[in-house]
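Structure at a glance
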Amino acid sequence: MAELVSLQSAVKSLISDGITVAMEGFTHLIPHAAGHEIIRQGRRDLHLVRMTPDVIYDQLIGAGCATKLTFSWGGNPGVGSLHRLRDAVENQWPHTLAIEEHSHAGMATRYTAGASGLPFGVLRGYVGTDLTEHTHSIAPITCPFTGEQLTSIAALNPDVSVIHAQRADREGNVQIWGLVGIQKEALLSGRATIVTVEEVVDELPPTYGAVVIPGWAITAVCHVPNGAHPSFAMGFSERDNEFYRRWDAISKDRDSFTEWIDRHIIGTADYDEYRRSVGLDQASLDLNGLDLNGAHV
Amino acid sequence: MAELVSLQSAVKSLISDGITVAMEGFTHLIPHAAGHEIIRQGRRDLHLVRMTPDVIYDQLIGAGCATKLTFSWGGNPGVGSLHRLRDAVENQWPHTLAIEEHSHAGMATRYTAGASGLPFGVLRGYVGTDLTEHTHSIAPITCPFTGEQLTSIAALNPDVSVIHAQRADREGNVQIWGLVGIQKEALLSGRATIVTVEEVVDELPPTYGAVVIPGWAITAVCHVPNGAHPSFAMGFSERDNEFYRRWDAISKDRDSFTEWIDRHIIGTADYDEYRRSVGLDQASLDLNGLDLNGAHV
Amino acid sequence: MSELAHAPVPAAIGTDEIGADDVMIVNAARSLGALAAAGRRVCFVGIGLPSTAANLARRLYDPAPVLIYESGCIGSKPTRLPLSIGDGELGDTADAVVSVPEIFAYWLQAGRIDIGFLGGAQLDRFANINSTVIGTYDAPSTRLPGAGGAPEIAGSARQVMVIMRQSARAFVPRCDFRSSMGFGDGPGDRQRLGLPGDGPTMVITDLGILQPDPESCELVMTALHPGITRDRCTAATGWPLRFAADVTETEWPTAAEVNMLREIQSA
Amino acid sequence: MSELAHAPVPAAIGTDEIGADDVMIVNAARSLGALAAAGRRVCFVGIGLPSTAANLARRLYDPAPVLIYESGCIGSKPTRLPLSIGDGELGDTADAVVSVPEIFAYWLQAGRIDIGFLGGAQLDRFANINSTVIGTYDAPSTRLPGAGGAPEIAGSARQVMVIMRQSARAFVPRCDFRSSMGFGDGPGDRQRLGLPGDGPTMVITDLGILQPDPESCELVMTALHPGITRDRCTAATGWPLRFAADVTETEWPTAAEVNMLREIQSA
């Protein structure tokens, strides 16, 4: 039965140093506010898991929260590199970051196996690539019926899975729509789970293409409007492509990155304050009259 | 690219004697009209596959169309036995019927593996049951990472998969909602596919909980209003529980069964004529003023 | 109907006759209510008696059980009892509707089900269930519907509840066919086979309640319904039935319980 | 921009400057249009150049390619070019939106994708792709984003098209890291490894088109864009580039093609 709690207390009670945390959202519904709160609370030595590390993990890695990253594609979509991720891998700044690398299909299979209570999954994948030489999570497996050789891959069951969704009701039933991506599998594979939502309502209204996850399968639900920015929540906001472009400049240089993190995340008490600090007010995220240049960073 | 064709021509061109046919629909959306057409065209020696054989396969088996059945639960839901299935298994009438028996979870895993292009799937199942002694489709498999032993099960890829759905557009894109059951996996596991639909529209309207399968992944789409009766199509009809109860009496006795099949299926040219023959007119299936006793059999 | 139908009926219930099935269903609902109160709410229910008892519990208790149906319905709240596992009502009233593969993989197999609630045609002394054949598999005297969802429910649910009418024909020393695993051939079998759940913790019948002996895993009578004698139970059991040291008597259905049962049955 | 920008511009196009990327994109779109006409319509597209070319083809040709994005979008018809694989526009305009596990399992792995359309940082003579690291894996000089969806797209799509700017740095004898399998180390490798798809059948660059030699599987130049010399191609290729017996010249982009490209780019 999901508890409706503040993001601060959810992160404080569930995310401790050294654990494995998956924060998912495939471009859509990326739980940025939760990422900020982890930085704010100074978590260290985390094993971060995510198909597309994206800006959310660039921030966590640059801020020194992680010592290991498991992923399948680490870039700033449509913009370029994740400079903090590259600096960590190429120059060990702020410290060494171990990486375990997969393909999207492999990561999706790992989450699905984890959500299904299986220790491994099977796919046609990785064959002929050099990825196989750099992970212990995959192994060849032979079909008992056809003798065909396929690839088996270890299930993922993060200590905590974090996603952002559009809506929850008071029982913590969560409703997601639009690009549902890997949200459900990532969430259901977690030993503990945090869902940040755009709004909490008395009753979930019927919504086209909606997926509902019952509250009794979730640990904590936190009401964090716009908690996915600069990612988006279909029906509530649009992707702030301009912020992604600006992130390239902010993150390119260690000093400007550190200054940005210190000022806007460490230096703010919570997500609302962060949003004021970077000049994102409600109006700028109102779907009618959305101001994509509203992010003054 | 799905062809919009008549049910007669779809069955004629795709279903030939001796092939493996899966007709799915988990209580909801059972493609009864397609089953009738197979009987009408006198197909023989079919290997029928279905999780819940239900009245649709009781008719096909009693009519002598099948020599093998793969299934996981063979009853008349909420009523009792499938008398024709029992007569075939217990007394080889009208002839011997080979059976391969699984659990629901096993069948779902088989269809999912088939739809995924994998030769097998993995589940925690069958352990400790006698089912394992009566099928060659399952085998123990060891997790390469944990050493745990699980159950592997052969994929299902029927020669033809048949489902009923609510809607299609002119490109053959199919829309299904309500209890989607195993429809998608059963369809996508088929080497060829037939979808009967309640209505064909110019554009699929947004619908709550709808799953859409693109027409280019389907072989044939047939417009057969009420084609699921006595099963139902959410939004179009209700389950005709009374017909299921009446089927018990019709099917209990070989003569009354044969007479019913000869008169209402063999003796009718198509599904519309069948419906008039058994006294099911449009009015009796209109959602407003549905007459559950409308089936005069 | 058993002699229970003629047992003295408390005035509160008026002239409404209370049958043996009513007593069985009410007691099953009570157990589900108690489990829900203890935090085990999520119940994977088969159609028929389990569905009836689970829906009665849902209407009687708060916290109420969360009903899961193998057709993919999560949190169904039907106003009338479904005839089939896939009645539209189950989907219309559900918190979520998922595919059949998902309900078994993400929800049952993943260990999210607290209680698997099953019936069956045959039950043996170690709570194994037969819903496949009476007689031999290749030449059955009676071909039953088959295992359906039961094997994995019996294997993966945290615990299993069984509801069945008790008779010497149904309660056998050893099932003709093992469709679903209870305790196998006795202690340690589930662990040996790696089945995650605790297995059947309670069998509720029209005569009383059986539970596995902690030592031997054999089902023993732990409670009798009012008016039911030990001899009656022994006669209705195919193995030498043992009785727990402290056999209790169940409470006669209350007016509230029976009235609610009639309400959902007549809906 | 290459000297193409200064190549003589047919009057039809007016003053609009046509760059080397435009020529590359238009030619890729033409190939997709030809494949769609031949019944190979379903195209799994990466973001960036593949998405741009695929959307241009979708607007120019009937039958049009069906665009599949790894974010779970089937049949997307974006009016503006997406910046990311998961722009809302891709879902809003799709025939169906499915989960990420489903798009890879039910659609790509099951063999329903006709064309995998990829880019990359490095491409080698056997059309293997590197999008992981430049230098060694453990001490890379440049850490690239990684494989993403490419390994399974390259493996399971019926055929693969690659769009990349041609340069000696990018077109190398052997990839520093093999992120996606083309023809491996040569003939028979795909079959030996059991990869179902035909592999890369065409590499479209800003200089021309390369295709695998049927015998050796080595990429050879089969077409040049107008104004591009063989020496230019040789200089822009890190292995001793061979030219097909009958190297053709591609058609200069038409006004219709360029105008449509500008329209979707400016949307």
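The text that follows walks through the structure, step by step, so that each part is easy to find. (Residues numbered from 1 in each chain as written. Chains lettered and ligands numbered in written order. Predicted model: local features only at pLDDT ≥ 70, side-chain atom pairs only at ≥ 80, totals over all residues. Heavy atoms only, no water.)

**Side note on the interface of chain D and chain A**
What counts here: The contact rule is simple, with two residues in contact once any of their heavy atoms fall within 4.5 Å. The buried area of a pairing is the accessible area, by a 1.4 Å probe, that goes missing from both parts when the two are put together, added over both. Any carboxyl oxygen of Asp or Glu that lies within 4 Å of a side-chain nitrogen of Lys or Arg is treated as forming a salt bridge with it. In the analysis that follows, any N or O atom pair within 3.5 Å is treated as a polar contact, provided that within protein one partner can donate a hydrogen and the other can accept it, and provided that, for residues neighboring in sequence, both atoms belong to side chains. Think of it this way: any DSSP run of H or I at least four residues long counts as a helix, any run of E at least two long counts as a strand, and we number them from the N terminus. Under this grouping Gly is polar, as are all residues other than the nonpolar Ala, Val, Leu, Ile, Met, Phe, Trp, Tyr, Cys and Pro and the charged Asp, Glu, Lys and Arg.
The partner chain A presents 41 residues to the 38 residues of chain D that form the contact. Where chain D abuts chain A, roughly 3,300 Å² becomes buried across the two surfaces, and 63% of that area is made up of carbon and sulfur atoms. Interface area lost by chain D to chain A is led by D:L83, D:R143 and D:P145, which between them contribute 20%. Across the pair A:E101 and D:R143 runs a salt bridge whose closest N-O atoms are separated by 2.3 Å. Linking chain D with chain A are 13 residue pairs in polar contact (both at pLDDT 80 or more), by the criterion used here. Contributions of two or more residues to the side of chain D that touches chain A are made by α3 (88-92), α4 (100-109), β9 (140-143) and α5 (150-156) of chain D. Of the residues that constitute the side of chain D that touches chain A, the class distribution is 17 nonpolar, 15 polar and 6 charged.

**Let's talk about the nonpolar core**
Heads up, the condition is: Definition of nonpolar core: a set of buried residues of the types Ala, Val, Leu, Ile, Met, Phe, Trp, Tyr and Cys, connected through side-chain atoms within 4.5 Å. The buried label applies to any residue whose accessible area, calculated with a 1.4 Å probe on protein chains only, is under 20% of its type's maximum; exposed applies above 50%, and partly exposed to all values in between.
Counting residues in hydrophobic clusters, the biggest one holds 121 residues, and the most contacted among them are A:Y111, B:V195, D:I68, D:W107, D:F117, D:L123 and D:M161. When residues no more than four places from it in sequence are discounted, the contact partners of D:W107 are B:L188, B:I213, B:P214, B:W216, B:A217, D:I74, D:E102, D:R112 and D:I113.

**Quick look at the sheet that holds strand β13 (residues 208-212) of chain D**
Two orientations exist for strands paired in a sheet by backbone hydrogen bonds: parallel and antiparallel. Residues and elements named next belong to chain D. Applied cut-off: At least two DSSP bridges between two strands are required for those strands to pair. Here an axis means a line fitted to C-alpha atoms, over the contact stretch when the element is a helix, while the angle between two N-to-C directions is reported on a 0 to 180 degree scale.
An order of β4-β3-β2-β1-β5-β10-β12-β13-β14-β15 is seen for the 10 strands of this open sheet, with the pairing classed as mixed. At either margin of the open sheet sits one strand with a lone partner, and together these are β4 (96-97) and β15 (243-249). Relative to strand β12 (residues 200-204), strand β10 (residues 159-163) is paired through 4 bridges, and the arrangement is parallel. Looking at β12, one finds that M161 is bridged to M202. The strands touched by helix α1 (residues 20-37) within the sheet are β1 (42-45), β5 (115-118), β10 and β12, with β10 carrying the most contacts at an inclination of about 165°. Running at roughly 155° to strand β2 (residues 66-69), helix α2 (residues 49-60) makes contact with β1, β2, β5 and β10 of the sheet.

**Observations regarding the packing of aromatic side chains**
Where we set the bar: The criterion for an aromatic pair is that two Phe, Tyr or Trp rings (for Trp, the six-membered ring) have centres within 6.5 Å, with stacked assigned to planes under 30 degrees apart, edge-to-face to planes over 60 apart and tilted to the rest. Geometrically, a charge over a ring is one whose NZ (Lys) or CZ (Arg) sits within 6 Å of the ring centre while staying within 35 degrees of the ring normal.
Going through the model one piece at a time under the given rule, you end up with 23 aromatic pairs over all chains. When the centroid spacing of 6.1 Å and the interplanar angle of 45° are considered together, the rings of A:W177 and A:F236 count as tilted. Remark: A:F236 occurs in the loop between β15 (220-223) and α7 (241-252) and A:W177 occurs in the loop between β12 (174-176) and α6 (183-189); sequence separation between them is 59 residues. This pair shows no difference in class: A:W177 is buried, exactly as A:F236 is. Through pairs of rings, three or more aromatic residues link up here, namely A:F243, A:W247, A:F257, A:W260, A:Y271 and A:Y274. Positioned over the ring face of B:Y244 is B:R239, at 3.7 Å from the centre of the ring. Above the ring of D:W107, the side-chain terminus of D:R112 is found at 5.5 Å from the ring centroid.

**Topic: the environment of A:E203**
Inspection of the secondary structure puts A:E203 in the loop between β13 (192-201) and β14 (211-213). Linking A:E203 and A:R170, residues 33 residues apart in sequence, is a C-alpha distance of 7.8 Å.

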